[in-house]
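Each chain, letter by letter, is given below.
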Amino acid sequence: MKKDLLSAQDLKKYFLDRGYNCLQPHQVVNNKDTVFLTAGIQPIVSLYRKNLLDSNKKIYISQPVIRTQFKDSTCEGTSIAFVNSTTSGFNISEMEHNILVKDFLNLFYELGMKQSDISSKTENYERLWGDLIVTGKTTFHYYKDIELGDTTFFTSIKRDGKNIGIDSMSDVGFGLERIRWCVSGKSYFDMYENSSELESEVKAYLSVLALLAVNNVLPSNKNSGYRARSFSKTLVRILHGRDFSEREEAYLIECVKYWKDWQEINKDIDLSLIKNEYIRNCNRYIIDQLAKEGYDNLSGININISREELVKRLLASSVDENIVKKMIKIRK
């Protein structure tokens, strides 16, 4: 079993050795038909339509993506942020498409998956992709009933009912973390160290916040920044406004390292961007909780302050000291 094949560099080498044009991942922010990139095929199609890809070569990308539809259903095997490893080809035959699928299946076998444990189901596919209507056949691939990804051979790609120069297209996409989860026997959310002591929901939100930070997304009240703020607020509610534990903070650092690797960037990431936003939202959460207990004189407190300063201002506003200590647990 060659588990190292699932590292960013080794997986890229696997496809390079098979003649693929390996693309650098794009920034996760899309702000087109979707706020974030949700699949590896999106940047591939975008580049192809701009005539920036060699149409005669097979294409590979491992693209970090964010799917906000999973924000309320995170668990082992399901996350908000993950790597969508994708291969593609344009104006190719179905037989050539099947070769792209086979390259991924051979990868699974090298990772130790038994062919008898892999099954598939095919159905017709028709969707609106931004300004394109795409039609074809999709095959879903499963390992012991766990969905690994899907492969689609498109036979019609049109805009306003007209052909755009793509007669056929292959989209072969698999979830990298789900593959690793199936072959490792560890937590789906394990980046480097054992993370089993942390709740899956907490890990999912720490991971997506780390990915956004790596992609220079600053919390704000609109577009991608709004989602970053919303994710942070959700994490505050999950942790009831407390500080990150040492293990949670260590996991956040692991996530940043992980996303830097898959985004193929080498720069320092300022974790204070995540932590300061988290504390800001904790302050809002705590003030709102105190308001529910009858403290209606706290609305004037600026939430853009430290935990220590918040304690001082709450005490100065006649909030009972025992209540303050109960609600605000500052990690020493």
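Reference entry: report on the structure contained in this document. Residue indices begin from 1 for each chain and proceed along its sequence in written order. Only residues with pLDDT of at least 70 are given local features in this predicted model, and only at 80 or more are side-chain atom pairs given and counted; all residues enter the totals for whole chains, interfaces and linings. To obtain the side-chain values, all non-hydrogen atoms of the structure were used and water was disregarded.

## A closer look at unusual backbone geometry
Okay, so step 1: Backbone geometry at N216 places phi at a positive 60 degrees, although glycine is not the residue there.
Okay, so step 2: Put simply, DSSP marks the helices as runs of H or I at least four residues long and the strands as runs of E at least two long, and each gets a number from the N terminus on. Turning to its location among the elements, N216 is positioned in the loop between α5 (200-214) and α6 (223-238).
Okay, so step 3: Of note, H240 is a non-glycine position whose phi angle comes to about 55 degrees, a positive value.
Okay, so step 4: Structurally, H240 is set in the loop between α6 and α7 (246-263).
Okay, so step 5: The exposed category is assigned to H240, whose relative accessible area is 55%. A simple rule labels every residue: compare its accessible area, found with a 1.4 Å probe on the protein chains alone, to the largest value its type can have, and call it buried under 20%, exposed over 50%, or partly exposed in between.

## With respect to helix α2 (residues 41-49)
An α-helical segment advances 3.6 residues per turn. Residues three or four places apart therefore align on the same side.
Okay, so step 1: Across the 9 residues that make up α2, a large majority, 7, are buried.
Okay, so step 2: Burial in α2 covers these residues: I41, Q42, P43, I44, V45, L47 and Y48.
Okay, so step 3: Lining the buried residues of α2 we find β2 (58-66), β3 (81-90), β4 (118-129), β5 (132-143) and β8 (169-175).
Okay, so step 4: Directly beyond the C-terminal end of α2, a positive phi value near 60 degrees is found at N51. Here, two residues are considered to be in contact whenever any of their heavy atoms come within 4.5 Å of each other.

## Quick word on the environment of L128
Okay, so step 1: If you trace the backbone, L128 turns up in strand β4.
Okay, so step 2: For the pair L128 and L315, spaced 187 residues apart in sequence, the C-alpha to C-alpha distance is 56 Å.

## Section: the pairing of β4
Okay, so step 1: Here β4 runs beside β5; their pairing, made up of 12 bridges, is antiparallel. Along β5, the bridge assignment pairs W129 with L132. Between any two strands, at least two bridges found by DSSP are needed for them to pair.

## Examining the packing of aromatic side chains
Okay, so step 1: Stacked, tilted and edge-to-face are the three classes applied to pairs of Phe, Tyr and Trp rings, where Trp contributes its six-membered ring and a pair requires centres within 6.5 Å; stacked means planes under 30 degrees apart, edge-to-face means over 60, and tilted covers the rest. Counted under the stated rule, the structure contains 17 aromatic pairs.
Okay, so step 2: Each ring, one from F108 and one from F174, has its centre 5.1 Å from the other, and the planes form 85 degrees; the classification is edge-to-face. Here F174 lies in strand β8 and F108 lies in helix α3 (residues 94-110), a separation of 66 residues in the sequence. No difference in accessibility class separates F108 from F174, as the two residues are buried.
Okay, so step 3: For the pair Y258 and W262, a centre-to-centre distance of 6.3 Å together with 55 degrees between the ring planes defines the contact as tilted. Remark: W262 and Y258 occur in helix α7; sequence separation between them is 4 residues, near one turn of the helix. Like W262, Y258 is buried.
Okay, so step 4: Grouping aromatic residues by their ring pairs yields a cluster made of Y14, F15, Y20, Y60, F104, F108 and F174.
Okay, so step 5: Stacked on the ring of Y14, the Lys or Arg R18 has its end atom at 3.6 Å from the ring centre.
Okay, so step 6: Only when the NZ of Lys or the CZ of Arg is both within 6 Å of the ring centre and within 35 degrees of the ring normal is a charge said to sit over the ring. A cation over a ring is seen here: R127 above Y125, with NZ or CZ 4.6 Å from the ring centre.

## Things to note about the environment of S196
Okay, so step 1: With respect to the secondary-structure elements, S196 resides in the loop between α4 (176-184) and α5.
Okay, so step 2: The spacing of S196 and F70 is 126 residues in sequence and 20 Å in space, taken between C-alpha atoms.
Okay, so step 3: Setting aside residues up to four positions removed in sequence, S196 forms contacts with D190 and K203.
Okay, so step 4: By the criterion applied in these results, polar contacts are pairs of N or O atoms within 3.5 Å in which, for protein atoms, one can donate a hydrogen and the other can accept it, and in which residues neighboring in sequence qualify only through two side-chain atoms. Side chain to side chain, S196 and N194 meet in a polar contact 2.8 Å long.

Note that all results are geometric; they support no functional claim without further evidence.
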